[in-house]
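What the coordinates show
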Amino acid sequence: MSEMHKGRGYVYSIEYHIVWCVKYRHKILTDEIENKLIEILNKIASDNNFKILEINGDLDHIHLLIECSPQHYIPNLMRALKGVSARLLMKEYGNELKKKLWGGHLWNPSYFVATVSENTEEQIKQYIQSQKQK
């Protein structure tokens, strides 16, 4: 169950399920690239003061369950997660990625986000964990 946090004059518990895809749904997230992506995303979360509670993906998309504060604005979080990860992955795996992607874009510009309640949290965690089993 998600934790309650206290701010100055308020109490909160905010979790989001976030999903985004590789541009053109190309299957480029090999184990090596996905492991690097997870490392990068955890660093971004740490730098921006939010937590990644669950993370997993498949070859063409990534799922996150995050916990954040009311001060976090989802479009800014997404810009950081997608923008920084794309830049760092292209820097490290550019030659490999550019063979399958053109135009220099790693991520599809769209994303999915849904709020998570204590009633759905465990179900969403299991769904994220099962991504490669399909």
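Shown above is the structure to which this text applies.
For the structure given in this document, a descriptive report is provided here. In this text the structure is predicted, and so the values were computed from the model without any measurement.

1. Focus: the sheet that holds strand S4 (residues 51-58)
Strand order in the open sheet formed by four strands is S4-S5-S3-S6, with antiparallel pairing between adjacent strands. The sheet terminates laterally at S4 and strand S6 (112-115), the two strands that pair on one side only. The mean angle between the axes of side-by-side strands here comes to 15°, regardless of whether they run parallel or antiparallel. In this sheet, strand S5 (residues 61-68) lies alongside strand S3 (residues 14-21) in antiparallel orientation, the contact comprising eight bridges.

2. With respect to unusual backbone geometry
Positioned with a positive phi, arginine 25 is a non-glycine residue whose angle comes to about 55°. Inspection of the secondary structure assignment puts arginine 25 in the loop between S3 and helix H1 (31-47). Accessibility expressed as a relative area gives 44% for arginine 25, which makes it partly exposed. Even without being a glycine, asparagine 49 presents a positive backbone phi close to 60°. Among the residues examined, asparagine 49 registers a relative accessible area of 65% and is labelled exposed.

What counts as what
Residues numbered from 1 in each chain as written. Predicted model: local features only at pLDDT ≥ 70, side-chain atom pairs only at ≥ 80, totals over all residues. Heavy atoms only, no water. Pairing = 2+ DSSP bridges. Helix = DSSP H or I, 4+ residues; strand = E, 2+ residues; numbered from the N terminus. Axes fitted to C-alpha atoms, helices over the stretch in contact; angles between N-to-C directions. Buried < 20%, exposed > 50% of the residue type's maximum accessible area, 1.4 Å probe, protein only.

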